[in-house]
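Structural overview
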Amino acid sequence: MTSHTPADTFPRQYARTLRYTVGAPRSFSVAPDGSRVVFLRSRSGSDRANLLWTLDTATGEERIAADPAVLLGGGEEDLSPAERARRERSREGSAGIVGYALDAEGRQAAFALSGRLFTADLLTGDARELPAQGPLLDPRISPDGAHVAYANTAGELRLTRTDGSGDRTLAEPDGPNVTWGQAEFIAQEEIDRDRGFWWSPDGERLLVERADDSPVRRWWIADPANPDREPAEVAYPAAGTPNAEVGLWLIDLQGGRTEVSWDHEAFPYLARVHWSKGGVPLLLVQSRDQRAQRVLGLDVATGGTEVLLEERDEAWLEAFPGVPAWTPDGKLVRISDEGGVRALVVGDQAVTGADLHVRSVVAVTEREVFFSASGGAGETDPEPGWIAVGRISHDGKQLSWESANGRPFTSVTSAVHAGGITVRATAEPDLPGTLVQVARDLPEGVVVDDVATVASYAETPVITARPVFRFAGERRIPSAVFLPTGYDRERDGLLPVLMDPYGGPHGQRVVQAHNPHLNSQWFADQGFAVVVADGRGTPGRGPAWEKSIAFDFAGATLDDQVEALRALAEEFPLDLGRVAIRGWSYGGYLSALAVLRRPDVFHAAVAGAPVAEWALYDTHYTERYLGHPAERPEVYEANSLTGYAAGLERPLMIIHGLADDNVVAAHTLRLSSALLAAGRPHTVLPLSGVTHMTPQEEVAENLLLLQVDFVKRSLGL
């Protein structure tokens with residue numbers, strides 16, 4: 001890690017370094033023969049422009065494979081609105097090379113810079129620009145290395161040769177709102193699928209998404225600070241309204257095409273596509289209510305599909321990273337919630353049990369499946385928040401764990417694996433940053449750290465997080481408590497409390513790592529006891545824990561914040577007469593809900609980008625948890641904030657970026673109008689030009705300081 005600038009304050013450093021991710025290695029791939037590791041990293045913790053790097057696994061030597069400054073001749077990046085939207089969907093804040101794709105041998109890489117197409121030879125380090133009709137999106141090199149396919153902002157899917165000899169159209173829009181090769185909004189924002197096309201293993205054809213968002217209703221997002229600018233038109237599928245029409249086509253390199261058929265009416269969501277060497281292509285499609293889904297096998301000769309598996313669940317079904325997939329000998333690999341356990345299933349056999357909560361599949365080899373997991377329902381875990389990568393034999397009889405520190409159950413580990421090489425990244429609560437190690441499999445299956453440690457240039461935080469982890473209350477709610485640095489109980493007594501939750505689906509805050517807790521520690525150092533609690537609905541504790549919030553955001557998630565607070569007060573110096581709560585996005589919703597519904601517990605709130613009316617949020621997310629608004633209007637009414645506006649008795653600050661196209665500013669404006677109509681005083685802080693992502697460092701510092709000042713004044717401090 002690199003040192004920080006002496007004049008840095010934590011809020012400025014935190015924003016400038018994108019939460020200390022700038023300069024850290026990321027986006028790892030391993031060549032199939034294990035000869036090299038490919039990754040992205042910038043030159044320092046203050047430089048956001050990522051370079052493409054390789055690491056030789058024989059020598060451990062790192063080398064630059066592509067440098068954006070060289071390729072662009074020192075010019076500034078010029079991103080299209082479509083690329084900016086893609087980065088917003090993926091919460092990508094860095095610059096330079098933010099993604100790449102490899103050929104089957106892991107020798108060539110393709111990537112985009114400023115909407116232009118580049119390739120790099122990873123053996124020679126030769127990088128060059130190829131002809132392309134941009135601005136382009138998501139270039140992907142063919143397995144044989146002969147072609148690069150890419151989408152562009154005109155909605156086309158195009159093909160160019162890697163020898164630079166030509167560029168041509170494979171598919172072009174047949175309507176004004178049609179795109180080829182691009183994932184639609186819902187896939188990017190909610191289904192964790194940012195790809196819109198997939199190469200066949202032989203490089204002779206592609207599976208390509210065709211999306212038509214003509215049915216999607218249009219919203220307009222204006223910039224009130226610049227009234228001379230036209231509002232931006234956004235196709236936003238709000239709950240209960242039409243989605244984009246999504247289809248899939250097989251297209252060969254001569255432009256011949258075959259439509260892929262399945263029951264689109266019953267299963268409109270295309271969640272996953274998997275096409276591995278020697279295997280039938282797999283599709284995962286979901287019903288609109290996500291209570292049914294099918295794994296389909298695709299006949300590439302006809303475009304027909306066969307139902308290989310159908311699942312149903314009374315609450316909802318998840319689409320997990322890395323599955324469905326095939327083992328090399330033809331067994332289906334999936335993650336299942338059958339029997340109330342989120343288990344890894346190989347063929348017809350569940351190979352993990354109730355002690356584990358499987359989160360994703362990392363890699364499938366001839367003998368093993370690499371997977372990510374947490375501690376099941378947590379009943380036997382000594383502490384919450386660990387995430388480990390395991391490797392288990394196809395029959396489930398042999399299990400081992402990956403961890404750079406040798407303690408997989410007191411850390412957070414992620415990994416990639418190929419060619420007998422594992423790259424694992426381990427974070428611990430007591431150490432800043434993440435340690436990335438490259439390990440080699442020995443013939444007998446033992447793993448040793450005999451290759452290299454990948455250098456990190458991320459800055460060292462100016463503060464140190466000191467989380468104390470607990471399972472709180474009868475429900476054993478995963479929690480972390482932060483006290484001010486240097487706190488002395490006899491001297492300082494009870495502390496005002498600041499609850500700092502996300503508290504909703506897909507947002508785990510209590511993790512056995514250091515850097516994710518820095519923001520909470522900074523608030524603690526302002527004179528608070530900070531509590532982070534992951535109540536029901538948050539990931540990592542088993543299907544029943546996650547799905548207990550079905551049709552009820554406002555009940556379970558808020559109840560668990562109260563239970564955790566009261567339980568932790570029995571051990572920690574929490575002044576229950578001075579309790580504030582703050583959060584962003586779902587955390588903003590939960591914070592506003594807290595003072596509206598439980599003023600007996602919460603005495604002030606800061607709500608950032610809160611979802612005030614769930615009918616204004618998108619289809620896939622909202623309908624998964626609350627159902628369709630036409631079928632369950634009472635659920636939407638009970639879970640939205642505006643209906644509780646008349647009950648506000650406590651100070652409330654609402655913060656919202658006016659350029660937010662995820663949780664649009666209309667949420668805050670409607671809540672503010674309802675509060676005004678009820679005669680309830682409140683504070684609104686609009687952020688001009690700010691989206692749903694973190695603001696710039698100049699804004700970030702003052703934004704945090706304003707929150708602290710508001711909370712202190714509200715609690716009489």
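Look up a bit, the structure's there.
This text gives an overview of the structure that appears in the document.

Cut-offs used in this document
Residues numbered from 1 in each chain as written. Predicted model: local features only at pLDDT ≥ 70, side-chain atom pairs only at ≥ 80, totals over all residues. Heavy atoms only, no water. Helix = DSSP H or I, 4+ residues; strand = E, 2+ residues; numbered from the N terminus. Rg over C-alpha atoms; globule rule 2.2 N^0.38 Å. Buried < 20%, exposed > 50% of the residue type's maximum accessible area, 1.4 Å probe, protein only. Contact = heavy atoms within 4.5 Å. Areas by Shrake-Rupley, 256 points an atom, 1.4 Å probe, with all protein chains shown as cover. Lys, Arg positive; Asp, Glu negative; His and termini not counted. Charge placed at Lys NZ, Arg CZ, Asp CG, Glu CD. Core = buried A, V, L, I, M, F, W, Y, C linked by side-chain atoms within 4.5 Å. Pairing = 2+ DSSP bridges. Axes fitted to C-alpha atoms, helices over the stretch in contact; angles between N-to-C directions. 1 Å grid on protein atoms, 1.4 Å probe; cavity = no way out; pocket = protein on both sides within 12 Å on 5 of 7 lines; lining within 4 Å. Points joined across faces, edges and corners; volume = space filled by probe spheres on them. Nonpolar A, V, L, I, M, F, W, Y, C, P; charged D, E, K, R; others polar. Salt bridge = Lys/Arg side-chain N within 4 Å of Asp/Glu carboxyl O. Expected span 1.5 Å × (residues − 1). Parallel < 35°, antiparallel > 145°, perpendicular 65-115°, else oblique. Polar contact = N/O pair within 3.5 Å; in protein donor to acceptor, adjacent residues only side chain to side chain. Phe/Tyr/Trp six-rings, centres within 6.5 Å; stacked < 30°, edge-to-face > 60°.

**Side note on the overall build of the protein**
- When you go through the protein residue by residue, the secondary structure sums to 13 helices and 44 strands.
- For 717 residues, the compact-globule estimate of 2.2 N^0.38 gives 27 Å, and the C-alpha radius of gyration of the protein, at 25 Å, lies within 12% of that figure.
- In terms of principal-axis extent, the alpha carbons of the protein reach across some 70 × 55 × 55 Å.
- In the protein, which comprises 717 residues, the share counted as buried stands at 58%.
- Within the protein, residue pairs in contact and separated by at least 24 positions form 61% of the contacts whose partners lie at least 6 positions apart.
- Summing over all exposed atoms, the protein offers an accessible surface of approximately 27600 Å²; the carbon and sulfur share of this is 49%.
- Charged side chains of the protein number 67 positive and 100 negative; the gap between the two group centres comes to 2 Å.

**Quick notes on the nonpolar core**
- In this structure, Phe553, Phe602, Trp614 and Leu652 are the most contacted members of the largest nonpolar core, which totals 75 residues.
- Among all residues touching Leu652, those that are not within four sequence positions of it are Ala592, Val595, Ala605, Ala607, Leu675, His682, Thr683 and Phe710.
- In terms of nonpolar packing, the next biggest core, distinct from the first, is built from 30 residues, Phe523, Val606, Met653 and Val690 among them.

**With respect to the sheet that holds strand E30 (residues 368-374)**
- Here we have four strands laid out as an open sheet, ordered E29-E30-E31-E32, and antiparallel in their pairing. The open sheet terminates on both sides in strands that have one partner only, identified here as strand E29 (357-364) and strand E32 (399-402). Averaged over all pairs of adjacent strands, the angle between strand axes in this sheet comes to 30°, irrespective of strand direction.
- Sheet topology places E30 next to strand E31 (residues 388-393); six bridges connect them, and they run antiparallel.

**A few points about empty space enclosed by the protein**
- Inspection of the entire model under this criterion finds four cavities of 30 Å³ or more.
- Here the largest cavity defines a volume of roughly 120 Å³.
- As for the largest cavity, its lining consists of 18 residues, and the residues nearest its centre are Gly385, Pro478, Gln508, Gly540 and Arg541.
- Grouping the constituent residues of the lining of the largest cavity by class yields six nonpolar, eight polar and four charged.
- Of the residues in the lining of the second largest cavity, the class split is eight nonpolar, one polar and three charged.

**Some remarks on the pattern of salt bridges**
- Within this structure, the stated rule accounts for 42 salt bridges.
- We note a salt bridge from Arg391 to Glu368, for which the minimum N-O separation is 2.9 Å. Of this pair, Arg391 sits in strand E31 while Glu368 sits in strand E30, placing them 23 residues apart in sequence.
- Accessibility expressed as a relative area gives 1% for Arg391, which makes it buried.
- Given the relative accessible area of 15%, Glu368 is considered buried.
- Here Arg536 makes a salt bridge to Asp560, at a shortest N to O gap of 2.9 Å. Taken together, the residues span a long stretch of sequence, with Arg536 in the loop between strand E40 (529-533) and helix H7 (543-547) and Asp560 in helix H8 (residues 553-568) at a distance of 24 residues. Like Asp560, Arg536 is buried.
- Among the charged side chains, a network of salt bridges with common partners joins Asp313, Asp337, Arg342, Glu546 and Lys547.

**What about helix H9 (residues 586-597)?**
- With 12 residues, H9 ought to run about 16 Å at 1.5 Å a step, and its terminal C-alpha atoms sit 16 Å apart, in line with that.
- Those residues of H9 that sit buried are Tyr586, Gly587, Gly588, Tyr589, Leu590, Ser591, Ala592, Leu593, Ala594, Val595 and Leu596.

**A short note on the sheet that holds strand E13 (residues 167-171)**
- Judged by pairing direction, the sheet is antiparallel, and its four strands sit side by side in the order E10-E11-E12-E13 without closing on themselves. Both outer strands of the open sheet, strand E10 (136-141) and E13, are each paired with one neighbouring strand and no more. For this sheet the average axis-to-axis angle between neighbouring strands, irrespective of direction, equals 30°.
- As judged from the four bridges shared by E10 and strand E11 (residues 147-152), these two strands associate in the antiparallel manner. Among the inter-strand pairings, Arg140 is bridged to a residue of E11, identified as Ala149.

**Structural notes on unusual backbone geometry**
- Geometrically, the link from Gly134 to Pro135 is a cis peptide bond, its omega value of 0° lying close to zero.
- Relative to the helices and strands, Pro135 is located in the loop between strand E9 (127-130) and E10.
- Here the residue pair Val323 and Pro324 is connected by a cis peptide bond, since its omega of 5° sits within 30 degrees of zero.
- Relative to the helices and strands, Pro324 is located in the loop between strand E24 (305-312) and strand E25 (325-326).
- Of note, the phi angle at His506 is positive, near 65°, even though the residue is not glycine.
- The residue His506 is located in the loop between strand E39 (495-499) and helix H6 (518-524) in this model.

**Concerning the packing of H8 against H9**
- Here H8 crosses H9 at 80°, and the two axes come no closer than 10 Å. When the axes of H8 and H9 are compared, the pair comes out roughly perpendicular. In contact with Phe553, Ala554, Gly555, Thr557, Leu558 and Gln561 of H8, H9 contributes Tyr586, Tyr589, Leu590, Leu593, Ala594 and Arg597.
- Grouping the amino acids of the contact of H8 with H9 by side-chain chemistry returns eight nonpolar, three polar and one charged.

**Some thoughts on the side chain of His667**
- Along the chain, His667 falls in helix H12 (residues 666-677).
- By relative accessible area, which is 0% here, His667 ends up buried.
- In terms of polar contacts, His667 uses its side chain to reach the backbone amide nitrogen of Glu613, at 3.4 Å.
- Residue contacts for His667: discarding those within four places in its chain leaves Pro610, Val611, Ala612, Glu613, Leu616, Tyr617 and His656.

**Overview of helix H13 (residues 697-714)**
- For H13, spanning 18 residues, the distance from its first C-alpha to its last is 26 Å, which sits close to the expected 26 Å at 1.5 Å a residue.
- Buried positions along H13 lie against helix H1 (10-16), H6, strand E41 (574-584), strand E42 (604-608), strand E43 (652-657) and strand E44 (683-687).
- Of the residues one or two after H13, Gly716 is the one with positive phi, at around 75°.

**Examining the side chain of Ser585**
- Relative to the elements of secondary structure, Ser585 occurs in the loop between E41 and H9.
- The exposure class of Ser585 is buried, given its relative accessible area of 13%.
- Non-local contacts of Ser585, meaning those with residues more than four positions away in its chain, are made with Tyr502, Gly608, Ala609, Pro610, Val611, Val663 and His692.

**Re the packing of aromatic side chains**
- All told, the structure shown has 29 aromatic pairs when counted by the stated rule.
- Relative to Trp401, the ring of Trp386 lies with its centre 6.3 Å away and its plane at 90°, an arrangement referred to as edge-to-face. Here Trp401 lies in strand E32 and Trp386 lies in the loop between E30 and E31, a separation of 15 residues in the sequence.
- By relative accessible area, which is 25% here, Trp401 ends up partly exposed.
- Ring geometry for Tyr621 against Tyr625: centres 4.9 Å apart, planes inclined by 75°, an arrangement best described as edge-to-face. Note that Tyr621 and Tyr625 are positioned in helix H10 (residues 619-626) at a spacing of four residues, about one turn of the helix.

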